[in-house]
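Examining the three-dimensional arrangement
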Amino acid sequence: MRPKELQCIITFHTTTEAMQLEQAAKTVGFGGRIIPVPREITAGCGLAWRDSIDARAALIDMMMEQKLSYDKIVELII
Amino acid sequence: MIYLDNAATSLYKPEAVAEAVFRALHSVGNSGRGAHDASLQSGRIMLQTRSLLSELFKVGDPSRVVFTSNATESLNIAILGLLQPGDHCITSAMEHNSVLRPLYLLESLGLELTILPISEKGCMDLAEIEKAIKPNTKAIVVTHASNVTGNVNDIDGIGELCKKNNLRLILDASQTAGILPIDMKKMNLAALCCSGHKGLMGPQGTGVLALGEGVMPVVQKTGGTGVDSFSHTMPTELPEALEAGTQNIHGLAGLLEACKYNKEYGQEKIYQKSMLLARTFIRGVKALPGVTLYGDYEAALRVPVVALNLRDIASGELSDELFTRFGIATRAGVHCAPLLHEDYHTAGQGMVRFSFSHFNSEQEVEKAITALRLLEEEYR
């Protein structure tokens with residue numbers, strides 16, 4: 001198993017929001033990826049964006065600039 | 001076969017559409033049901049398709065493009081989800097049963113319904129609509145173009161009326177999506193309903209419901225979305241709020257390529273070429289004795305759909321002769337538009353509908369005219 005570390009996690013209301021963020025983040029060049037939403041956040045299903053903690057501020061800027069919707073941004077050791 | 005039934009569905013499609021469906025059948029998973037690549041690829045296809053449709057119809061936000069199985073489902077969601085008993089709604093005798101039947105269902109529950117007759121120009125009369133507006137009028141539900149005569153309603157004008165009177169405009173764009181320009185904002189549309197397999201030339205089983213800003217129909221279909229599974233209710237956010245269950249992703253992969261084709265080849269070219277064929281056909285058949293053409297077949301703006309009768313020959317019989325002897329596929333009967341046929345006094349005879357694609361050729365049109373000429377001589 002990969003060692004756990006502090007990560008920036010973004011959750012969404014819908015899969016469409018997740019796909020929109022993935023598309024935008026990849027275009028800009030973020031290194032994160034889509035993961036199943038961690039159970040620490042919700043036991044329900046869904047997708048989340050996982051990225052390095054250093055990327056948090058830039059991700060927020062990008063989401064605001066591009067008016068991308070999301071549910072929550074949390075920092076989590078996973 | 002000479003396929004002239006494009007108003008029912010497109011038979012000739014861009015090659016990339018079929019290839020995309022084939023590829024998707026072998027490669028994509030279920031959107032939103034996992035973070036593995038098969039599932040994500042499916043989600044990416046859906047997002048790209050929403051984005052291109054949003055651009056095509058000037059929706060303003062891909063999240064307001066909802067996928068359905070066909071235009072009928074889109075119309076059911078919009079009509080049943082935006083109107084309620086006690087409301088008044090205006091529609092026209094031009095409509096298809098996909099509009100009329102949801103409205104009749106609501107009428108049986110207490111909706112007040114006004115059905116306006118068809119004008120001499122084969123479409124809705126703006127002054128008549130304005131006269132029909134009442135204090136409890138909530139919506140106008142109307143087709144962009146008749147699936148029988150090809151006549152086009154003035155949606156810009158109806159949209160202005162709706163704006164002025166604070167009404168919702170629900171548009172059935174089954175015969176125009178992919179053929180005529182549609183601008184949701186400019187037309188003031190609350191809901192745009194269309195199929196993906198007619199003018200857009202995507203696969204059957206794909207439909208689109210695009211919603212105006214702030215428009216949210218009452219959810220009628222609930223189920224899995226892949227998100228927030230312990231919740232007893234659907235997500236409140238579009239588009240998934242209206243997309244319960246597994247979507248037709250294989251079909252949407254084809255629709256994506258169809259949208260790319262529309263953009264790259266050019267909708268205007270698609271329209272001009274198909275209309276050139278329709279006008280050639282009209283010129284050829286209107287000179288034949290015994291032929292009756294319906295609607296305003298010389299209107300400057302129309303879609304490539306032409307309906308006719310030959311003397312008093314039953315439309316089914318004529319259509320069958322055209323197919324069995326000449327290999328020409330047309331559509332007979334009343335085309336799920338009962339009120340239009342009552343208006344034109346053709347409920348018994350029906351009409352034979354010829355509908356053209358830009359993939360048809362002038363030679364095919366000439367063969368259809370020749371076939372009608374021969375049949376006319378035989379039936380004298």
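Residues numbered from 1 in each chain as written. Chains lettered and ligands numbered in written order. Predicted model: local features only at pLDDT ≥ 70, side-chain atom pairs only at ≥ 80, totals over all residues. Heavy atoms only, no water.

1. Let's talk about the overall build of chain A
- Helix and strand content of chain A: two helices and four strands.
- Reading the secondary structure of chain A in the N-to-C direction produces β-α-β-β-α-β.
- For a compact globule of 78 residues, the expected C-alpha radius of gyration is about 12 Å, and chain A comes in at 12 Å, within 12% of that figure.
- Considered along the principal axes of its C-alpha atoms, chain A spans approximately 35 × 25 × 15 Å.
- Split into buried and exposed, the 78 residues of chain A put 49% on the buried side.
- Split by element, the accessible area of chain A, about 4300 Å² in all, is 52% carbon and sulfur. (Helix = DSSP H or I, 4+ residues; strand = E, 2+ residues; numbered from the N terminus. Rg over C-alpha atoms; globule rule 2.2 N^0.38 Å. Buried < 20%, exposed > 50% of the residue type's maximum accessible area, 1.4 Å probe, protein only. Areas by Shrake-Rupley, 256 points an atom, 1.4 Å probe, with all protein chains shown as cover.)

2. Things to note about the interface of chain A and chain B
- With 19 residues of chain A at the interface, the matching set in chain B holds 24 residues.
- Summed over both partners, the interface of chain A with chain B comes to about 1600 Å²; 58% of that surface belongs to carbon and sulfur atoms.
- Contact with chain B buries surface across chain A, with Thr15, Thr16 and Met19 of chain A losing the most and accounting together for 30% of the total.
- For the interface between chain A and chain B, the tally reads one salt bridge.
- Summed over the shared surface of chain A and chain B, the result is five residue pairs in polar contact (both at pLDDT 80 or more).
- Going through the elements one at a time, helix H1 (15-28) and strand E2 (33-36) of chain A are the ones with two or more residues in the side of chain A that touches chain B.
- For the side of chain A that touches chain B, the leading source of residues is H1 of chain A, giving eight residues. (Contact = heavy atoms within 4.5 Å. Buried area = accessible area lost by both parts, 1.4 Å probe. Salt bridge = Lys/Arg side-chain N within 4 Å of Asp/Glu carboxyl O. Polar contact = N/O pair within 3.5 Å; in protein donor to acceptor, adjacent residues only side chain to side chain.)

3. Examining the pattern of salt bridges
- One pass over the full model with this rule turns up 20 salt bridges over all chains.
- The partner of glutamate 55 of chain B in a salt bridge is lysine 263 of chain B, with the nearest N and O atoms 2.9 Å apart. On the criterion of sequence distance, the pair formed by glutamate 55 of chain B in helix H2 (residues 37-56) and lysine 263 of chain B in helix H7 (residues 249-265) is long-range, its members being 208 residues apart.
- Lysine 131 of chain B is paired through a salt bridge with glutamate 128 of chain B; the nearest N and O atoms lie 3.1 Å apart. Of this pair, lysine 131 of chain B and glutamate 128 of chain B both sit in helix H5 (residues 126-132), separated by three residues, roughly a single helical turn.
- Glutamate 128 of chain B gets classed as partly exposed once you look at its relative accessible area, which sits at 33%.
- It is possible to trace a salt-bridge network through shared partners that takes in Glu22 and Lys26 of chain A together with Asp37 and Arg44 of chain B.

4. Side note on the pairing of strand E12 (residues 352-355) of chain B
Residues and elements named next belong to chain B.
- Burial along E12 is two-sided: Val352 and Phe354 and Arg353 and Ser355, pointing in opposite directions, are all buried.
- Here strand E10 (residues 305-310) pairs with E12 via four bridges, running antiparallel. Bridging from a neighbouring strand, alanine 307 pairs with arginine 353 of E12. (Pairing = 2+ DSSP bridges.)

5. Brief notes about the domain arrangement of chain B
Residue and element names in this part refer to chain B.
- You can read the domains of chain B as domain 1 (15-265) and domain 2 (266-378).
- Taken over C-alpha atoms, the centre of domain 1 sits 27 Å from the centre of domain 2.
- Each partner contributes to the interface: domain 1 provides 33 residues, whereas domain 2 provides 30 residues.
- Between domain 1 and domain 2, a total of about 2600 Å² is buried, with carbon and sulfur atoms accounting for 60% of that surface. (Domains from an automatic or database assignment.)

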